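Observations on the three-dimensional arrangement
The chain contents come next:
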Amino acid sequence: MSSDSDFSQTSCEYDLAIVGSGGGAFSAAISARRRDLRVVMVERAVVGGTCVNIGCIPSKVLLAAAESRSRATSERFPGISTDAGPVDMLALIKGKDAIVGQLRKDKYVDLADEYGFELIEGDARFVEGPA
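Read on for an overview of the structure. Source: prediction; values computed, not measured.

About the thresholds
- Residues numbered from 1 in each chain as written.
- Predicted model: local features only at pLDDT ≥ 70, side-chain atom pairs only at ≥ 80, totals over all residues.
- Heavy atoms only, no water.
- Salt bridge = Lys/Arg side-chain N within 4 Å of Asp/Glu carboxyl O.
- Helix = DSSP H or I, 4+ residues; strand = E, 2+ residues; numbered from the N terminus.
- Buried < 20%, exposed > 50% of the residue type's maximum accessible area, 1.4 Å probe, protein only.
- Axes fitted to C-alpha atoms, helices over the stretch in contact; angles between N-to-C directions.
- Parallel < 35°, antiparallel > 145°, perpendicular 65-115°, else oblique.
- Contact = heavy atoms within 4.5 Å.
- Nonpolar A, V, L, I, M, F, W, Y, C, P; charged D, E, K, R; others polar.
- Pairing = 2+ DSSP bridges.
- Expected span 1.5 Å × (residues − 1).
- Arc of directions from axis to C-beta.

Comments concerning the pattern of salt bridges
- Tallying each qualifying case throughout the model produces five salt bridges.
- One salt bridge connects D123 with R44, and the closest N-O pair in it is separated by 3.5 Å. One end of the pair, D123, is in the segment after strand 4 (118-121); the other, R44, is in the loop between strand 3 (39-43) and helix 3 (49-53), and 79 residues separate them in sequence.
- Among the residues examined, R44 registers a relative accessible area of 66% and is labelled exposed.

Focus on the packing of helix 2 (residues 23-34) against helix 5 (residues 89-115)
- Closest axis-to-axis distance for the helix 2/helix 5 pair is 10 Å, and the angle between their directions is 10°. One element, helix 2, and the other, helix 5, form an angle in the roughly parallel class. On helix 5, the residues touching G23, F26, I30, R33 and R34 of helix 2 are Y108, L111, A112 and Y115.
- Looking at the contact of helix 2 with helix 5 residue by residue, the class counts come to six nonpolar, one polar and two charged.

Looking at the side chain of N53
- Residue position: N53 is located in helix 3.
- Look at N53 and you get buried, because its relative accessible area is 14%.

Considering the pairing of strand 3
- Summarising burial for strand 3: five of the five residues are buried, a large majority.
- Here strand 3 shows two buried faces, one formed by V39, M41 and E43 and the other by V40 and V42.
- Two elements, strand 2 (residues 16-19) and strand 3, share four bridges in a ladder whose sense is parallel. Across the sheet, residue I18 finds its bridge partner in strand 3, namely M41.

As for unusual backbone geometry
- Despite not being glycine, D36 shows a phi value in the positive range, around 60°.
- With respect to the secondary-structure elements, D36 resides in the loop between helix 2 and strand 3.
- Residue classification places D36 among the exposed positions, given a relative accessible area of 64%.

Quick notes on helix 2
- With twelve residues, helix 2 extends 17 Å between its outermost C-alpha atoms, agreeing within 8% with the 16 Å of an ideal straight helix rising 1.5 Å per residue.
- Listed in full, the buried residues belonging to helix 2 are A25, F26, A29, I30 and A32. The arc enclosing the buried residues of helix 2, seen along the axis, measures out at 160°, which places them on a common side. Of the exposed residues in helix 2, those oriented more than 90 degrees away from the buried face are G24 and R34.
- Of the surrounding elements, those touching the buried residues of helix 2 are strand 2, strand 3 and helix 5.
- Two residues or fewer past helix 2, D36 is found with a positive phi of approximately 60°.

Take a look at the structure:
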């Protein structure tokens, strides 16, 4: 991902500029590229939007881990002992972060290269210019 300082030093023309990099942004970029439009996407924070970074994916990973532990502590069947040790939160969060990072790379960052649109890190802003 290039930075906005790199972008401001070049004179580029695009058919579509997208602000943000969530699922909708990538869908728009891919649709535009399929029509051979020149696309740039600008993201000020972390690529992937809310779902992959702080919403859907991380919460589902942690919920699945909690369910797994809950099942391990529940002796549902007579004669079968189950046990779960203490939770290593640091390891759990590190594992969640690894899953999120891999999905961000596979489902977002790599797609920019695959479909051939530019992904720029920085703040988007409107400036006056020729009409």
